[in-house]
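# Results of the structural survey
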Amino acid sequence: MEAKYLNLLSDKFNSEEKVVTEIINLESILDLPKGTEHFVSDLHGEFQAFQHVLRNGSGNVRVKIRDVFKDRLTDDEISEFAALVYYPEDKLKLVKNQVGSKEALNEWYKIKIHHMIELISFASSKYTRSKLRKALPKQFVYIIEELLYKSDEDTNKKPYYEKIVDKIITLGQAEKLIIGLSYTTQRLVVDHLHVVGDIYDRGPEPDKIMDTLIDYHSLDIQWGNHDVLWIGAYAGSKVCLANILRICARYDNLDIIEDAYGINLRPLLNLAEKYYGDNPAFHPKQHSEKALTEQEKLQITKIHQAIAIIQFKLESPIIKRRPYFEMEERLVLEKVDYDKQEITVYGETYPLENTCFSTVDPEDPVKLLEEEEEVIDKLLLSLQQSEKLKRHMNFLMKKGSLYLKYNGNLLIHGCIPVDEDGNMEQMEIDGNIYEGRELLNQFEEHLRKSFKDIESTDDLSTDLVWYLWTGKHSSLFGKRAMTTFERYFIKDKASHKEEKNPYYHLREDVNVCRKMLEEFDLDPEQGHIINGHTPVKEIDGENPIKADGKMIVIDGGFSKAYQKTTGIAGYTLLYNSYGMQLVAHQHFNSKKNVLLNGADALSVRRIVDEELQRKKIRDTNIGARLQEEIEMLQALMSYRYIN
């Protein structure tokens, strides 16, 4: 350890007493139980459902309430109290309308404050006082600490504690305190949040999810394919931008582009109005709760066609300049016979229907019209100038990665590309061959490079970000080809099929999972792979716990579009000091339903893994960092003594 670093450290710990105190503090923390990790995945812009899961900690809040009050509160009272913790502002409004007199309301306040204090005392029992203090509402820290650390045996101070609560109520601070205590409880029941990919996609409010995550106390993100698409667009990939706009048009979510991020779509609409008409293949998939006029529906249909054709045109130059992407079959516009209105792909010829090739020159089908080029350039400039989007993308990059090794587990949204024998698939990038962990590292390195240089739009790094979205060796896409063109224009559904990487059936094999854990230098016996990306079809009997518990699939199923095929609203995972539990969720109806009826949208919990010995902080990533700090402090003491 360099003397220079130890000199810097000695500025902070400038006495032996301070060093000793810090070593004692850190050594003690190592023997506390590990905090609860909360894993969520595939949020797909469904803010309301995600917010509920976050607020209730996948049922963890209710479990804590039941543990504390099971002998004193009925099930209905527990549900009512849980709703107060989840949505304090809304519940307080309801109670004020329901309770008749001021005296009755004040008595209700008093009871709930005492309940809240008792709940927080229980929920914070494995944290240091310092950590708890940081979680408390700042304006009430002193008061709450007095109430938290009171002794029931101390009758001398009983009037003192009663007076504190009485004065809080008479001074009109009860509601603020209850709200603060509610959010403190939510924070305490989950120590760290893992978002295993796909914040963005078809849901209407990904921006609100991002704002929520930015304010969250402790989290990491493993990028999903849709997240990388948004990162790529901001980083200068015009084809990623075209994909985003096409998906938003397809799912009637252009509001995200215009209203949430302030990107002007007027140039694209003008182009669409000029060249396109109605086309059933491009009608938006409408939200059940959102009605469109016929004019709005037609406008979106035209925009949808315009941006889809621009996308197909933009793909071609990348495929041609990167032959090692092996995507020649996706030169779809060049494979069309425009006289016969048919296409030959993968050795099969199909008739085309619902075509919209008015801006396509059969002699040079991938050439952008001057107007199209101008539109996509304006859109990219507008996107990169959005301050809100810039903030969100910077946060994604700061907190995100393609995969994460955390507390002995591997967190990854999509897959580790393998062949049918379970061997790591190889891919050439710029003359070098990569596979397994090194391939994923290359992908991430290029994504970060592209993000740092948003002025470059056709360099290798930016092309590779698009490849992550759609390439056959991509760890995020996980399929051999994306058949977007076929789904629009070919009736034969056989052409729509997208063959999955063998990973998705081999992950049922415990030996393959062990091999993957070893590839990432993780213990194949103790570790797990935690996956998102693919909805678990519980309705068909599929089990999210695979390979004897080595593989856990937690696609949250937040997207309503998937819930008909899954039968549920997906899974989340909790990992505390006692082990792992998988939580199955039912469809989230509404916040109102929770407030009025106590409905919690939770189903059963399944034990994934139980610890033979309760895990402590010393057994975690945080513990390893604390141990390093202890060693540095011990070295500082020796350094001072020697010098």
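Nothing here was measured: the structure is a model prediction, and the numbers come from that model.

### A look at the nonpolar core
Within the largest apolar cluster, 197 residues are counted, with the highest numbers of intra-cluster contacts made by I199, L213, W230, F357 and F485. No other element matches helix 17 (residues 294-321), which puts eleven residues into this core. Once residues within four sequence positions are removed from consideration, L213 is found in contact with F50, L193, V195, I199, L219, I221 and F395. In this structure, L30, I617, L626 and I630 belong to the second largest nonpolar core, which totals eleven residues.

### Quick look at the sheet that holds strand 12 (residues 529-531)
Reading across from one edge, 8-9-12-14-13 is the order of the five strands in this open sheet, with mixed pairing throughout. The strands lining the two open edges of the sheet, one partner per strand, are strand 8 (403-406) and strand 13 (545-546). Across the sheet, helix 20 (residues 436-452) lies against strand 8 and strand 9 (409-412), angled at about 120° from strand 8, the strand it touches most.

### Considering helix 6 (residues 88-98)
Of all the positions in helix 6, only P88, K91, L92 and V95 are classed as buried. Each buried residue of helix 6 lies within a common arc of 100° when the element is viewed along its axis, so the set occupies one face. Within helix 6, the exposed residues directed more than 90 degrees away from the buried face are K93 and N97. In this structure, the buried residues of helix 6 make contact with helix 3 (47-56), helix 5 (75-86), helix 7 (102-123), helix 11 (174-189) and helix 26 (591-597).

### Topic: the packing of aromatic side chains
Counted under the stated rule, the structure contains 20 aromatic pairs. Residues Y338 and F357 carry aromatic rings whose centres are separated by 5.4 Å and whose planes lie at 80° to one another, so their mutual orientation is edge-to-face. With Y338 in the loop between strand 4 (336-337) and strand 5 (342-345) and F357 in the loop between strand 6 (348-351) and helix 18 (370-384), the pair connects residues that are 19 residues apart, well separated along the chain. Its relative accessible area of 16% is what places Y338 among the buried residues. The exposure class of F357 is buried, given its relative accessible area of 12%. Judged by centre distance (6.4 Å) and plane angle (5°), the ring pair of F357 and F485 falls under stacked. In this pair, F357 sits in the loop between strand 6 and helix 18 while F485 sits in helix 22 (residues 484-489), placing the two residues 128 residues apart along the sequence. For F485, a relative accessible area of 0% corresponds to the buried category. Taken together, the aromatic side chains of F282, F312, Y338, F357, F485, Y488 and F489 make up a single cluster linked through ring pairs. Cation over ring: K34 sits above Y575, and NZ or CZ is 4.0 Å from the ring centre.

### Here we look at the side chain of S401
The residue S401 is located in strand 7 (residues 400-401) in this model. In this view, S401 contacts I221, Q222, W223, E444 and R448; residues no more than four positions away in its chain are not counted.

### Some points on the side chain of H533
Along the chain, H533 turns up in the loop between strand 12 and strand 13. Residue class for H533 comes out buried when judged on its relative accessible area of 15%. In this structure the side chain of H533 is engaged in a polar contact, spanning 3.5 Å, whose partner is the side chain of N225. Setting aside residues no more than four positions away along its own chain, H533 makes contact with S41, D42, D198, N225, H413, G414, L476, F477, Y504 and D555.

### Points about the pairing of strand 6
Here strand 5 runs beside strand 6; their pairing, made up of four bridges, is antiparallel. Among the inter-strand pairings, V345 is bridged to a residue of strand 6, identified as E348. Two successive antiparallel strands, strand 5 and strand 6, enclose a turn made up of two residues, where Y346 displays a positive phi of approximately 50°.

### Details of the sheet that holds strand 4
In space, the three strands of this open sheet follow the order 4-5-6, with antiparallel pairing throughout. Looking at which strands have only one partner, the edges of the open sheet turn out to be strand 4 and strand 6.

### Here's the deal with the pairing of strand 15 (residues 571-576)
Summarising burial for strand 15: five of the six residues are buried, a large majority. In this sheet, strand 15 lies alongside strand 1 (residues 37-40) in antiparallel orientation, the contact comprising three bridges. Opposite H38, over in strand 15, you have L574 as the bridge partner. Summarising the sheet, strand 15 and strand 16 (residues 579-585) pair through six bridges and their orientation is antiparallel. What sits directly across from L573, in strand 16, is L582. Following strand 15, the chain reverses through two residues before pairing antiparallel with strand 16.

### Observations concerning the environment of L633
In this structure, L633 sits in helix 27 (residues 621-642). Placed 610 residues apart in sequence, L633 and I23 show a C-alpha to C-alpha distance of 6.9 Å.

### Some points on the environment of I24
With respect to the secondary-structure elements, I24 resides in helix 2 (residues 16-30). The class of I24 is exposed, set by a relative accessible area of 53%. A sequence separation of 470 residues divides I24 from A494, and the C-alpha atoms of the two residues are 66 Å apart.

### Looking at unusual backbone geometry
For D252, which is not a glycine, the phi torsion comes out positive at approximately 50°. When its relative accessible area of 4% is taken as the criterion, D252 is described as buried. Even without being glycine, D430 reaches a positive phi, approximately 55°. Structurally, the position occupied by D430 is in the loop between strand 10 (426-429) and strand 11 (432-435).

### Quick word on the pattern of salt bridges
Under the criterion given, the structure shown has 32 salt bridges. Between K238 and D377 there is a salt bridge, with the nearest N and O atoms lying 2.7 Å from each other. Within this pair, whereas K238 is found in helix 14 (residues 238-250), its partner D377 is found in helix 18, the two being separated by 139 residues in sequence. When its relative accessible area of 33% is taken as the criterion, D377 is described as partly exposed. Close ionic contact of K320 with E334 constitutes a salt bridge, the shortest N to O distance being 2.8 Å. Of this pair, K320 sits in helix 17 while E334 is found in the loop between helix 17 and strand 4, placing the two residues 14 residues apart along the sequence. Assessed through its relative accessible area of 47%, K320 is described here as partly exposed.

### Regarding helix 16 (residues 266-275)
Regarding helix 16, the residues found buried are P267, L268, L269, L271 and A272. Buried residues belonging to helix 16 abut helix 14, helix 17 and helix 18.

### Points about the packing of helix 13 (residues 225-234) against helix 14
At a closest axis distance of 7 Å, the pairing of helix 13 and helix 14 adopts a crossing angle of 125°. One finds that helix 13 runs oblique with respect to helix 14. Crossing geometry of helix 13 relative to helix 14 is assigned as left-handed. Contacts between helix 13 and helix 14 involve H226, L229, W230, G232 and A233 from the first element and C240, L241, N243, I244, I247 and C248 from the second. Split into classes, the residues belonging to the contact of helix 13 with helix 14 amount to eight nonpolar, three polar and no charged.

Scoring rules and cut-offs
- Residues numbered from 1 in each chain as written.
- Predicted model: local features only at pLDDT ≥ 70, side-chain atom pairs only at ≥ 80, totals over all residues.
- Heavy atoms only, no water.
- Core = buried A, V, L, I, M, F, W, Y, C linked by side-chain atoms within 4.5 Å.
- Buried < 20%, exposed > 50% of the residue type's maximum accessible area, 1.4 Å probe, protein only.
- Helix = DSSP H or I, 4+ residues; strand = E, 2+ residues; numbered from the N terminus.
- Contact = heavy atoms within 4.5 Å.
- Pairing = 2+ DSSP bridges.
- Axes fitted to C-alpha atoms, helices over the stretch in contact; angles between N-to-C directions.
- Arc of directions from axis to C-beta.
- Phe/Tyr/Trp six-rings, centres within 6.5 Å; stacked < 30°, edge-to-face > 60°.
- Lys NZ or Arg CZ within 6 Å of the ring centre and 35° of its normal.
- Polar contact = N/O pair within 3.5 Å; in protein donor to acceptor, adjacent residues only side chain to side chain.
- Salt bridge = Lys/Arg side-chain N within 4 Å of Asp/Glu carboxyl O.
- Parallel < 35°, antiparallel > 145°, perpendicular 65-115°, else oblique.
- Left-handed = near helix turned anticlockwise from the far one by under 90°.
- Nonpolar A, V, L, I, M, F, W, Y, C, P; charged D, E, K, R; others polar.

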